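Structure at a glance
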Amino acid sequence: MSTPQREALIVAHGQPSVPVPPELWLQGFAAAVGKHLPGWHIRAATLAMPDALERQVSEMPTGSQIFPMFMADGWFVSKVLPRRLNGADLSILPPLGFHPALPDVAAASIRKKLSSLGWETAESHLLLAAHGSAKGPKAAASANGFAQLLRDHLKGLKITTGFVEEAPFIADAARDLPKQSLCLPFFALEGEHCREDIPEALDEAKFSGLLMPPLGTWDEAAKMVADTFRNCA
C-alpha cells in the first residue's frame, strides 16, 4: 500500500489592493519548498486573495500543518488566520520571524556581504527595516528581538531598527548613518513596503549604504520552511 501524500500550507498576508502578484509569488515559493520535500503537496494562499485560503483549507487532511510567512505573531497570525480556518483541525506553526535558523542564515549572509564589499564588521552598520504597528507591540518586539539575536551573532556590528508604521521611523533611523551601512528589510514578501516605502524613506534620509532583499525572499527561506514541515511531521 502506498504512503498517503503529506500536505502542508504556506500562508502570507498578500496585498489587498493588488492581490494577484503576491499570490503568484507565494505559489512559486511553495514550489521551491516542495523541491526539498519529495512526496509532499505544498499549497499556498494569501489572506488578501478572496477565498484562496478557504479553498485550500477545505481540501486538506485533518492535522496538516500551516506555515505563516509573517515576521511576527501579531494580529494576523494569532487572530485572523485561526478565524479564517473556520474550525478546521489544522496545526499553525510559528511564523518565519521566529524560525530558529533565521538568525544564523541572516548573520552568514550579512557577513558575506560585508566581506564582498571589503567592509570591516566593527566599522559597519546594519539598519533592520521592519513593519511595526500602531495597533500593538508584537511587530516591533519581533524585530527588536531579532536585532538582538543578530548582535549576538555579529559582534561589533552596529545595529539599529526602524519601522514603517511606528517610531523610530525608517527615515529617522537611517538619517546620518555612515556609508558603510546595510539596510535589511525584516519582511516575508516583497510588497509595497519593500518596493516603495523603504526606498522612499532611505532616499528621504539620504541613506548612502546598500539595500538588501527582504529576508523571506532569500533562497535559504524555502529550505527553512521545508525543514520546519519535515521536523514537525
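Up top is the structure.
For the structure given in this document, a descriptive report is provided here. Bear in mind the structure is a predicted one, so any value in this text is a computation, not a measurement.

1. Some words on the side chain of T161
Tracing the backbone shows T161 in strand β6 (residues 158-163). For T161, a relative accessible area of 13% gives the class buried. One polar contact links T161 to N144, side chain to side chain, over a distance of 2.9 Å. In this structure, T161 is in contact with L127, L128, A143, N144, A147, P168 and A173, ignoring residues within four places of it in sequence.

2. Regarding the nonpolar core
Counting residues in each nonpolar core, the largest one holds 49 residues, and the members touching the most others are I10, V33, M69, I110 and F229. In this view, I10 contacts L26, F29, A30, V33, I42, R43, A44, A45, F67, M69, V225 and F229; residues no more than four positions away in its chain are not counted. Judged by nonpolar contacts, the second largest core, of 16 residues, contains V11, F70, V80 and L90.

3. Remarks on the pairing of β6
Summarising the sheet, strand β5 (residues 125-130) and β6 pair through six bridges and their orientation is parallel. Bridge assignment links A129 to a residue of β6, and that residue is G162. With helix α5 (residues 138-153) bridging β5 and its parallel neighbour β6, the resulting β-α-β unit is right-handed.

4. Details of the pairing of strand β2 (residues 40-46)
Within β2, six of the seven residues are buried, which leaves it mostly tucked inside the rest of the structure. The pairing of strand β1 (residues 6-12) with β2 spans seven bridges and is classified as parallel. The partner of L9 across the bridge, within β2, is R43. Between the parallel elements β1 and β2, the chain passes through helix α1 (residues 20-35) in a crossover that is right-handed.

5. What to know about the packing of aromatic side chains
For the coordinates displayed, the defined rule picks out six aromatic pairs. Here the aromatic rings of F67 and F229 are separated by 6.2 Å at their centres, their planes lie at 80 degrees, and the arrangement is edge-to-face. A residue pair is termed long-range when its members are at least 10 positions apart, and F67 in strand β3 (residues 65-68) and F229 in helix α8 (residues 219-232) qualify at 162 residues. F229 shares its class with F67; the two are buried. Summarising the aromatic geometry, the rings of F70 and F76 are spaced 6.3 Å apart at their centres and angled 20 degrees between planes, so their arrangement reads as stacked. Owing to a relative accessible area of 11%, F70 belongs among the buried residues under this scheme. An aromatic cluster of at least three residues, connected via ring pairs, comprises W40, F67 and F229. Here the guanidinium or amino end of K135 rests over the ring plane of W75, the centre of that ring lying 5.7 Å away.

6. Observations regarding the layout of surface pockets
In this structure, the largest pocket encloses a volume near 1200 Å³. As for the largest pocket, its lining consists of 39 residues, and the residues nearest its centre are H13, F70, F76, H131 and H193. Sorting the residues of the lining of the largest pocket by element identifies α1, α3 (75-84), α5 and α7 (192-204) as the ones contributing at least two each. Top element by residues in the lining of the largest pocket is α3. It accounts for five residues. Residues that form the lining of the largest pocket fall into these classes: 20 nonpolar, twelve polar and seven charged. The space that makes up the second largest pocket amounts to roughly 220 Å³. As for the second largest pocket, its lining consists of A108, S109, K112, K113, L182, L210, L211, M212, P213, W218 and E220. Elements that contribute at least two residues to the lining of the second largest pocket include exactly α4 (102-117) and β8 (210-211). Of the residues forming the lining of the second largest pocket, the biggest block, four residues, is contributed by α4. Its residues assigned to classes, the lining of the second largest pocket shows seven nonpolar, one polar and three charged.

What counts and what doesn't
Residues numbered from 1 in each chain as written. Predicted model: local features only at pLDDT ≥ 70, side-chain atom pairs only at ≥ 80, totals over all residues. Heavy atoms only, no water. Helix = DSSP H or I, 4+ residues; strand = E, 2+ residues; numbered from the N terminus. Buried < 20%, exposed > 50% of the residue type's maximum accessible area, 1.4 Å probe, protein only. Polar contact = N/O pair within 3.5 Å; in protein donor to acceptor, adjacent residues only side chain to side chain. Contact = heavy atoms within 4.5 Å. Core = buried A, V, L, I, M, F, W, Y, C linked by side-chain atoms within 4.5 Å. Pairing = 2+ DSSP bridges. Right-handed = clockwise from strand over helix to strand, strands pointing away. Phe/Tyr/Trp six-rings, centres within 6.5 Å; stacked < 30°, edge-to-face > 60°. Lys NZ or Arg CZ within 6 Å of the ring centre and 35° of its normal. 1 Å grid on protein atoms, 1.4 Å probe; cavity = no way out; pocket = protein on both sides within 12 Å on 5 of 7 lines; lining within 4 Å. Points joined across faces, edges and corners; volume = space filled by probe spheres on them. Nonpolar A, V, L, I, M, F, W, Y, C, P; charged D, E, K, R; others polar.

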